[in-house]
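# Results of the structural survey
In case you want the letters, here they are:
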Amino acid sequence: MVTKRAVAKKRSSNKSSAKKVETAGLWLVKQEPETYSWDDFVRDGRTDWTGVRNFQARNNLRQMRVGERVLFYHSGTGKCVVGVAEVAKAAYPDPTADDPQWVAVDLKPLKPLNEPVPLASIRYHEKLGNLPLIRQSQLSVMPLTKEEFETILTMGAGKKGKKR
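First, a word on what this report is: a plain description of the structure on this page. (Residues numbered from 1 in each chain as written. Predicted model: local features only at pLDDT ≥ 70, side-chain atom pairs only at ≥ 80, totals over all residues. Heavy atoms only, no water.)

Of all hydrophobic cores here, the largest spans 39 residues; its most connected members are Trp49, Met64 and Val81. If we skip the residues at most four places from it in the chain, Val81 touches Leu28, Leu71, Phe72, Tyr73, Leu113, Pro116, Val117, Ile122 and Ile152. (Core = buried A, V, L, I, M, F, W, Y, C linked by side-chain atoms within 4.5 Å. Buried < 20%, exposed > 50% of the residue type's maximum accessible area, 1.4 Å probe, protein only. Contact = heavy atoms within 4.5 Å.)

Here it is, written out as structure tokens:
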């Protein structure tokens, strides 16, 4: 016999598993180039990604693993993806925060894109309509699907995206 309690327990366990989002291990981070540009990042060779004070972005930082790929987006001036980076150190307590709930990761640059990929091109691309960059414009760290990541890389290589 299935009781109401058993049904409620099953529903709550389904909800909790739904909260855990599986990522493709591909990310996009946003930074104002006036504060820290791609060129600054390349010059430094590595940086700690600190100062994130948004809960969803923090949760995304917590999911990042060493070796995962990251697109570097210039927000504010430019509004375009300019390069590819890699997670060099997984989440650790953010040294710039007074509260231990905030985390940082270390990133290292891998390569610039041949051509910057502007937000306008991303916004109107048929494969990128669900991108958090468009739907949640204030989010500074976001997961990408493999298709989204590869589409942006193709756009940044200066090639037309292949139709399937």
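Moving on, we come to the pairing of strand β5 (residues 103–118). The side chains of a regular strand alternate between the sheet's two faces. Sheet topology places strand β2 (residues 47–49) next to β5; three bridges connect them, and they run antiparallel. From the neighbouring strand, Thr47 faces β5, where its bridge partner is Leu107. Note that strand β4 (residues 80–93) and β5 share 10 bridges and pair antiparallel. Note on β5: the bridge partner recorded for Ala85 is Pro109. (Pairing = 2+ DSSP bridges. Helix = DSSP H or I, 4+ residues; strand = E, 2+ residues; numbered from the N terminus.)

We now examine helix α6 (residues 146–156). Where α6 is concerned, the buried positions are Glu148, Phe149, Thr151, Ile152, Met155 and Gly156. Down the axis of α6, the sector holding all buried residues measures 165°, keeping them to one side. In the core, the buried residues of α6 are packed alongside β1 (26–31), β3 (69–74), β4, β5, α4 (119–123) and β6 (141–144). Positive backbone phi, approximately 85°, marks Gly158, located one or two places after α6. (Arc of directions from axis to C-beta.)

For the rest of this paragraph, the subject is the packing of aromatic side chains. Tallied over the full model, the rule gives six aromatic pairs. For the pair Tyr36 and Phe41, a centre-to-centre distance of 6.3 Å together with 55° between the ring planes defines the contact as tilted. Among the residues examined, Phe41 registers a relative accessible area of 0% and is labelled buried. Ring centres of Phe55 and Trp102 lie 5.1 Å apart, and the angle between their planes is 35°; this geometry places the pair in the tilted category. Of this pair, Phe55 sits in helix α3 (residues 55–63) while Trp102 sits in the loop between β4 and β5; the two residues are 47 residues apart in sequence, bridging distant segments of the chain. Taken together, the aromatic side chains of Tyr36, Trp38, Phe41, Trp49 and Phe72 make up a single cluster linked through ring pairs. A cation sits over an aromatic face here: Lys89 above Tyr92, 4.2 Å from the ring centre. (Phe/Tyr/Trp six-rings, centres within 6.5 Å; stacked < 30°, edge-to-face > 60°. Lys NZ or Arg CZ within 6 Å of the ring centre and 35° of its normal.)

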